[in-house]
Amino acid sequence: MTTTTTTKTLGSNIEYGKYLDCVHCGLCTAACPTYLETGDENKSPRGRIYLMRAVTDGRLELTDDVRENLDTCLDCRSCETACPSGVQYGRLIEPFRMDMEHADAAAGADASQSWFHKYILYGLLTSRSKTRIALFPARIMQALRLDRAMEAVGLTKLLPGKLQRMFKQLPRLQSNLPALPEHLPAIGPPRAKVGLFLGCVADAMFRQTHWATARVLQHNGCEVFIPRSQGCCGAMHYHSGAGEPAMEMASQNAAAFDLDQLDAVIVNVAGCGAMLKDYPEIAHEVASEDHALRATLEKLTAKIKDVSEFLAELGPIAPQGEIKMRATYHDACHLCHAQQIRAQPRDLLGLIPGLELVPLPESEICCGAAGSYNLTQPEMSDRLAKRKYENIMSTQPDAVITGNAGCLLQIQSEMRQAGHEIAVVHPMDLLDCSYRGVTPPG
């Protein structure tokens, strides 16, 4: 039986003109991953905009079917790239989801109080220290190959569904590196002072990439500051409809960096970068009357740069170490669509002697990671992961390169499940190896 939820306040905090920007031309459909997979108009951007507007107008109730069509949106924002009318789709789907959560909470069905949201999504994954502690047994199991034995005999099937997927997503964890110091000096003539944003899951699972990023910045004459008081960017909360705690995290991050002394705050995770750059707009959605908060976040956002974006503007010093490798580059959605950064990572990789970069078919189509999407929407996530895998394998690469922690997890997991031990790395991992003249791991 289809259930309904009160629609009185749904969409009330969205500027109505944003709905009207969509002229329903359909050019977004060819860019939308869920439409490409299903051919269902309700799972296209223009279809979802129609549904949200109809619910806001009171012409349609928020039934389970309507909710499912909205929930399966990855928020990859590829439709924004394709749209000739400049529709701000992200500024529609995200606040609408917040309204859905508020309506559910009022009806006594608050998803944020489920064990998974409360203890895993919000309680564990948004804390780099807690995540690193939780990963300690996994490091031991991987070292002893017990994880593979557990999979072989089917023990992982005893775990709850979402925990099974988290186990499946675990990368081959590298050595337990120490935390970055709070300050690293520039190598060579000083050119800039920058902060480095660490995030949560990225630091817990890919700390080696943070170290690599810091060294690349040092080699390019940057003095690097890494404040201990920074935290999660808040994307995990915001993308699941919890705007208020996301803004608390935003305030913490704005206070952590000495913005008057820094030329930029560097981010090496596409999803975090997009979130940090969106802080002022999100503050308007969540706390529109708090003008002081928005002003503070605008000051932070003005300094936020993806690492490839920053180095391209600074003028990169070419590395000298040869890396003979055939690789393909996957465009992380929140880098190419949300931040419109495409050429800069490729240009940096092109500086590495010996590296052959092969174009990837459908490079800008989402891999299905999308933050927590691969945990909450497993069927569609798996379909998109398989699609990405097939495109990657068509390039016959030695390595896959991408600039987002979620994409790294999703793609390496799909590769491993298919039996291909192909390296999946961040651009900074390879640049760092080239600067230092060492062989890339894997």
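Residues numbered from 1 in each chain as written. Predicted model: local features only at pLDDT ≥ 70, side-chain atom pairs only at ≥ 80, totals over all residues. Heavy atoms only, no water.

A. A look at the sheet that holds strand β7 (residues 355-358). Read across the sheet, 4 strands follow the order β7-β6-β8-β9 without closing on themselves; strand pairing throughout is parallel. Only two strands of the sheet have a single neighbouring strand rather than two, namely β7 and β9 (423-425). Within the sheet, the average angular offset between the axes of one strand and its neighbour, ignoring direction, is 30°. Of the pairings in the sheet, the one linking strand β6 (residues 325-329) to β7 comprises 4 bridges and is parallel in character. Bridging from a neighbouring strand, Thr328 pairs with Val358 of β7. Across the face of the sheet, helix α24 (residues 427-436) comes into contact with β6, β7, β8 (399-401) and β9 while running at roughly 95° to β9. (Pairing = 2+ DSSP bridges. Helix = DSSP H or I, 4+ residues; strand = E, 2+ residues; numbered from the N terminus. Axes fitted to C-alpha atoms, helices over the stretch in contact; angles between N-to-C directions. Contact = heavy atoms within 4.5 Å.)

B. Quick peek at helix α14 (residues 243-256). Between the first and last C-alpha of α14 there are 20 Å, a value that for 14 residues agrees with the 20 Å anticipated at 1.5 Å per step. Turning to α14, its buried residues are Gly243, Ala246, Met247, Met249, Ala250, Asn253, Ala254 and Ala256. As for α14, its buried residues are in contact with α6 (90-106), α13 (235-238), α15 (270-277), α16 (279-286) and α17 (291-301). (Expected span 1.5 Å × (residues − 1). Buried < 20%, exposed > 50% of the residue type's maximum accessible area, 1.4 Å probe, protein only.)

C. A look at the pattern of salt bridges. Counted by the stated rule, this structure contains 30 salt bridges. Arg383 is the salt-bridge partner of Glu37, the closest N and O atoms lying 3.1 Å from each other. Residue Glu37 is located in helix α2 (residues 33-38), and its partner Arg383 is located in helix α22 (residues 378-393); the two are separated by 346 residues in the primary sequence. For Asp260, the salt bridge is made with Lys299, and the minimal N-O distance between the two is 3.0 Å. (Salt bridge = Lys/Arg side-chain N within 4 Å of Asp/Glu carboxyl O.)

D. Quick peek at the packing of aromatic side chains. Inspection of every chain in the model, using the stated rule, returns 1 aromatic pair. Considering the side-chain rings of Tyr16 and Tyr19, the 5.5 Å spacing of their centres and the 75° angle between planes classify their relative orientation as edge-to-face. The exposure class assigned to Tyr19 is buried, which follows from its relative accessible area of 1%. Over the ring of Tyr50 we find Arg59; its NZ or CZ atom is 5.7 Å from the centre of that ring. (Phe/Tyr/Trp six-rings, centres within 6.5 Å; stacked < 30°, edge-to-face > 60°. Lys NZ or Arg CZ within 6 Å of the ring centre and 35° of its normal.)

E. Structural context of the environment of Asp147. Structurally, Asp147 is set in helix α9 (residues 146-153). Residues Asp147 and Lys168 lie 21 residues apart in sequence; the distance between their C-alpha atoms is 9.8 Å. When sequence neighbours within four positions are dropped, the list of residues in contact with Asp147 reads Met141, Gln142, Phe167 and Arg172.

F. Looking closely at the environment of Ala82. Turning to its location among the elements, Ala82 is positioned in helix α5 (residues 78-82). In this structure Ala82 comes out as partly exposed when scored by relative accessible area, which is 26%. Not counting residues up to four positions away in its chain, the partners in contact with Ala82 are Leu27, Cys28 and Ala31.

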